[in-house]
Amino acid sequence: DQQVKQNSPSLSVQEGRISILNCDYTNSMFDYFLWYKKYPAEGPTFLISISSIKDKNEDGRFTVFLNKSAKHLSLHIVPSQPGDSAVYFCAASLQGAQKLVFGQGTRLTINP
Amino acid sequence: DTAVSQTPKYLVTQMGNDKSIKCEQNLGHDTMYWYKQDSKKFLKIMFSYNNKELIINETVPNRFSPKSPDKAHLNLHINSLELGDSAVYFCASSQIAGVYGYTFGSGTRLTVV
C-alpha cells in the first residue's frame, strides 16, 4: 500500500525551460511534505518542503505547490539547469508517526 | 565533515552469509533510521531509533537486527542472507523523528549471489 506515488518514472526537459515533477498521496492526515534530490551513488539530499497549512513554498528556482483537495503536490524548477539532472523523491510525514514515507522517485534529465 | 557515513558502500556476498552495515552520524541528531530502496525504487523505512531506543520496526524479517550502541551509531546486521535482500540500504538521521527531513548516508548496495 503505497501512500505516496510518483507516477512518472522519468522526465526530460530542455535546459532553461520549466521542469514540473508531480506527486500524489492518499493519506489526508499527512501534515508535511518534502522533496529530495538524489545523484547516482549518493544519498538523497533535502531540497524543499511545505507544511500542509500552506499551498506554496518558494526557494530560489524551486517552488513546491500543494493541492490538498486533490492530494497532489508538484515541484517546479525554473529555469532548469544541467546540474538539476537527478532523481527526485517526494516524501510525506505524519505528525506522531515519526517517519517519512517516500515515493519511488522521478528521474529528471535536463538536455542542453 | 559533518555527515552521515555508512560502510561499506558496496557489499557482495553469498546466500546464507551474515553481514553487517555500519552507520555513524556526527550531526548530534537524536534519531537514526534504516531505509531500504527496493527493486521498484521505493524508499521504505525498516527501523528507527531515538536515543538508542527502538521506536519503529516495520514489517522486516527477524534476520534483520539493528543495534544502536549510542545515539551516534546505528548498525544493521543481517543473518542468513537471501537473494531478495539485494537492495540499496540507506542510513539517515534527523533531529526530530519524522519531521524536518533527514540527512542520508550515501547508501550501501548489497548484492546477494
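The structure displayed is predicted, hence computed values, not measured ones.

So what about the packing of aromatic side chains? Which residues, and what values?
Residue and element names in this part refer to chain B. According to the stated counting rule, one finds 17 aromatic pairs over all chains in the structure shown. On the basis of an interplanar angle of 55 degrees and a centroid distance of 6.3 Å, the ring pair of Tyr33 and Tyr35 is categorised as tilted. This pair shows no difference in class: Tyr33 is buried, exactly as Tyr35 is. Arranged with centres 6.2 Å apart and planes meeting at 65 degrees, the rings of Tyr35 and Phe104 form a pair that is edge-to-face.

For the interface of chain B and chain A, give the residues involved together with the corresponding values.
With 24 residues of chain B at the interface, the matching set in chain A holds 19 residues. A buried area of about 1,700 Å², summed over both sides, lies between chain B and chain A, and 63% of it is on carbon and sulfur atoms. Contact with chain A buries area across many residues of chain B, yet Phe42(B), Leu43(B) and Phe104(B) alone supply 31% of it, more than any other trio. Seen at the junction of chain B and chain A, the total is one salt bridge. A salt bridge links Lys99(A) to Glu58(B), with the nearest nitrogen and oxygen atoms 3.2 Å apart. Here chain B and chain A share five residue pairs in polar contact (both at pLDDT 80 or more) between them. Elements represented by at least two residues in the side of chain B that touches chain A include exactly β4 (31–37), β5 (43–50) and β6 (53–57) of chain B. By residue number, the principal contributor to the side of chain B that touches chain A is β5(B), which donates four residues. Residues of the side of chain B that touches chain A, tallied by class, amount to 13 nonpolar, six polar and five charged.

Explain the state of the cysteines to me, and be specific about the residues and the numbers.
Summed over the entire model, instances satisfying the criterion amount to two disulfides over all chains. The side chain of Cys23(A) participates in a disulfide bridge whose partner is Cys90(A); the two sulfur atoms lie 2.0 Å from each other. Between Cys23(A) and Cys90(A), the disulfide has an S-S torsion of -75 degrees and is therefore left-handed. Taken together, the residues Cys23(A) in strand β3 (residues 19–25) and Cys90(A) in strand β9 (residues 86–93) connect sequence positions 67 residues apart. What makes Cys23(A) buried here is its relative accessible area of 0%. In this structure Cys90(A) comes out as buried when scored by relative accessible area, which is 0%. Disulfide pairing is shown between Cys23(B) and Cys91(B); the S-S distance is 1.8 Å.

The rules behind each value
Residues numbered from 1 in each chain as written. Chains lettered and ligands numbered in written order. Predicted model: local features only at pLDDT ≥ 70, side-chain atom pairs only at ≥ 80, totals over all residues. Heavy atoms only, no water. Phe/Tyr/Trp six-rings, centres within 6.5 Å; stacked < 30°, edge-to-face > 60°. Buried < 20%, exposed > 50% of the residue type's maximum accessible area, 1.4 Å probe, protein only. Contact = heavy atoms within 4.5 Å. Buried area = accessible area lost by both parts, 1.4 Å probe. Salt bridge = Lys/Arg side-chain N within 4 Å of Asp/Glu carboxyl O. Polar contact = N/O pair within 3.5 Å; in protein donor to acceptor, adjacent residues only side chain to side chain. Helix = DSSP H or I, 4+ residues; strand = E, 2+ residues; numbered from the N terminus. Nonpolar A, V, L, I, M, F, W, Y, C, P; charged D, E, K, R; others polar. Disulfide = S-S within 2.5 Å.

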